[in-house]
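# Observations on the three-dimensional arrangement
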Amino acid sequence: TLAEELDVPIQMHVHETANEVDDAIADDGRRPLSRLADLGLMSHRLMAVHMTCLSQDEIVELARSGVSVVHCPESNLKLASGFCPLAKLLACGVNVALGTDGAASNNDLDMLSEMRTAALLAKGVAADASVVSAAEALRMATYGGAKALGLEAEIGSLASAKLADIVA
């Protein structure tokens, strides 16, 4: 694939809003993920940010192709851009990293707050209080991000020979 040939992580805001998806279909006849697949960009190198408007088939394809989703719940709430189907992504085995998006679309860049919001919002979206535990939210903020960058062997979890910054 093109992503494999480039051999670098690719970060792209995708399926951020329903309007974005609708515009893509009107302009090109394809949903954005379908276009990315046709361009050869659906691989473990792609970090798809937001992903609020997904079909079940698209979620399965994300898992199959190894795409990582970067979930930015507070940005999505602030901009009213939709809800990422976090519980469905995790249930299908999609790697999910946690992000803040940026200062322009988030009131702060506080990862602890982002973890809390991700866990609470997922429960509301899924209508299931058991989805996205505190441990899963922490994993998204640490190992999920490292894996999305292809650095899970060096960082992202506390293990022998891995680099780590620890706050107590």
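The structure we're discussing is the one just above.
Here we summarise the structure given alongside this text. (Residues numbered from 1 in each chain as written. Predicted model: local features only at pLDDT ≥ 70, side-chain atom pairs only at ≥ 80, totals over all residues. Heavy atoms only, no water.)

So, about the side chain of His15. If you trace the backbone, His15 turns up in the loop between β1 (10–14) and α2 (18–28). On the basis of relative accessibility, which here comes to 0%, the residue His15 falls in the buried class. At 3.2 Å, the side chain of His15 forms a polar contact with the backbone nitrogen of Leu33. Excluding residues that lie within four positions of it along the chain, His15 makes contacts with Glu20, Val21, Arg31, Pro32, Leu33, Met51, Thr52, Cys53, Leu54 and Glu58. (Helix = DSSP H or I, 4+ residues; strand = E, 2+ residues; numbered from the N terminus. Buried < 20%, exposed > 50% of the residue type's maximum accessible area, 1.4 Å probe, protein only. Polar contact = N/O pair within 3.5 Å; in protein donor to acceptor, adjacent residues only side chain to side chain. Contact = heavy atoms within 4.5 Å.)

Moving on, we get to unusual backbone geometry. Here the phi dihedral of His15 falls at roughly 50 degrees; this positive angle occurs in a residue that is not glycine. The phi torsion at Ala127 lies on the positive side, around 55 degrees, for a residue other than glycine. Since its relative accessible area comes to 72%, Ala127 is described here as exposed.

Taken in spatial order, the 4 strands of this open sheet run β1-β2-β3-β4, and their pairing is parallel. Each having just a single partner strand, β1 and β4 (95–98) make up the two edges of the open sheet. Strand-to-strand twist across the sheet, computed as the mean angle between neighbouring axes with direction ignored, equals 30 degrees. In the sheet, β1 pairs with strand β2 (residues 46–50) via 5 bridges, with the strands oriented parallel. (Pairing = 2+ DSSP bridges. Axes fitted to C-alpha atoms, helices over the stretch in contact; angles between N-to-C directions.)

What follows deals with the environment of His44. By the element assignment, His44 lies in the loop between α3 (32–38) and β2. Taking the C-alpha atoms as reference points, His44 and Ser34, separated by 10 residues in sequence, lie 16 Å from one another.

There is a patch of nonpolar side chains on the surface, built from Leu77, Phe83 and Val125 and spanning about 260 Å² of accessible area. In this structure, Phe83 sits in the loop between α5 (73–79) and α6 (86–91). (Patch = residues over 30% accessible without salt bridge, like charges linked within 9 Å, V, L, I, M, F, W, Y side chains within 5 Å. Areas by Shrake-Rupley, 256 points an atom, 1.4 Å probe, with all protein chains shown as cover. Salt bridge = Lys/Arg side-chain N within 4 Å of Asp/Glu carboxyl O.)

The calculated volume of the largest pocket comes to roughly 610 Å³. As for the largest pocket, its lining consists of 26 residues, of which Leu138, Ala141, Thr142, Gly156 and Asp165 are closest to the centre. A per-element tally of the lining of the largest pocket places helix α8 (residues 134–148) first, with 7 residues. The residue inventory of the lining of the largest pocket, partitioned by class, reads 19 nonpolar, 6 polar and 1 charged. (1 Å grid on protein atoms, 1.4 Å probe; cavity = no way out; pocket = protein on both sides within 12 Å on 5 of 7 lines; lining within 4 Å. Points joined across faces, edges and corners; volume = space filled by probe spheres on them. Nonpolar A, V, L, I, M, F, W, Y, C, P; charged D, E, K, R; others polar.)

Here the focus is the nonpolar core. Ranked by internal contacts, the top residues of the largest apolar core, which has 28 residues, are Leu33, Met51, Leu62, Leu89, Val132 and Met140. Going through the elements one at a time, β1, α3, β2, α4 (56–65), α6, β4, α7 (111–126) and α8 are the ones with two or more residues in this core. By residue number, the principal contributor to this core is α7, which donates 4 residues. Beyond its immediate sequence surroundings of up to four residues, Leu89 is in contact with Leu54, Ile59, Leu62, Val69, Cys84, Val94 and Val96. If you look at the next biggest cluster of nonpolar residues, it comprises 6 residues, including Met47, Val70, Cys72 and Ala97. (Core = buried A, V, L, I, M, F, W, Y, C linked by side-chain atoms within 4.5 Å.)

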